[in-house]
Amino acid sequence: LDSLQWGERGAGGTLVERSSLLSKATVGRSQLPLSVASGASPADLERGDLVDVWVGPGPGDNSRDEAVRVLRAVRIVETGDESASVGGSLAQTILVDVADATLGGSVIGTVASGHVTLVRVS
């Protein structure tokens, strides 16, 4: 019998549907870098924390688009120091662990073109 695992990270005790389980042999993992503006994530964010990744218009944007959750319960691999200036404010690069099956061109395009906000879920 093939060993199965949930295709996304989640908290212990979470109920999942059978269709959300993937063979361990087919589950690849990637690290996705996110540019997160100062104040758009918890100040005490640490490696191992689980976060939802939301993307929407940035502060001062006149867009009527609403923020969308693009990733659920992804694990922080590394938090970077505030370094680059993005749109006049400090930003940091944060690496998150993402299942390859979840990571697609639409996710990458969305996080690259919008204002990223991280919400801790655990």
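Conventions adopted
- Residues numbered from 1 in each chain as written.
- Predicted model: local features only at pLDDT ≥ 70, side-chain atom pairs only at ≥ 80, totals over all residues.
- Heavy atoms only, no water.
- Buried < 20%, exposed > 50% of the residue type's maximum accessible area, 1.4 Å probe, protein only.
- Core = buried A, V, L, I, M, F, W, Y, C linked by side-chain atoms within 4.5 Å.
- Helix = DSSP H or I, 4+ residues; strand = E, 2+ residues; numbered from the N terminus.
- Polar contact = N/O pair within 3.5 Å; in protein donor to acceptor, adjacent residues only side chain to side chain.

Undergrad: So what exactly am I meant to see when it comes to unusual backbone geometry here?
TA: Residues other than glycine predominantly adopt negative phi, and peptide bonds predominantly adopt the trans conformation. One non-glycine residue with positive phi stands out, namely Ala73, at about 45°. Assessed through its relative accessible area of 13%, Ala73 is described here as buried.

Undergrad: I keep staring at the nonpolar core and nothing clicks. Help me out?
TA: One broad trend across soluble globular proteins is that nonpolar side chains are buried collectively. One finds Leu34, Val53, Val96 and Leu118 to be the most contacted residues of the largest nonpolar core, which totals 20 residues. For this core, the secondary-structure elements that each account for two or more residues are strand 3 (29-37), strand 4 (50-56), strand 5 (68-79), strand 7 (89-99), helix 1 (105-113) and strand 8 (115-120). It is strand 5 that contributes the most residues to this core, four residues altogether.

Undergrad: Whenever I open this one, the environment of Arg29 confuses me. Can you help?
TA: Here Arg29 is to be found in strand 3. Exposure remark for Arg29: the relative accessible area of 31% places this residue in the partly exposed category. Along the backbone, Arg29 and Val98 are 69 residues apart, and their C-alpha atoms lie at a distance of 5.7 Å. Separated by 2.8 Å, the side chains of Arg29 and Asp97 make a polar contact.

In short, geometric facts, not functional conclusions.
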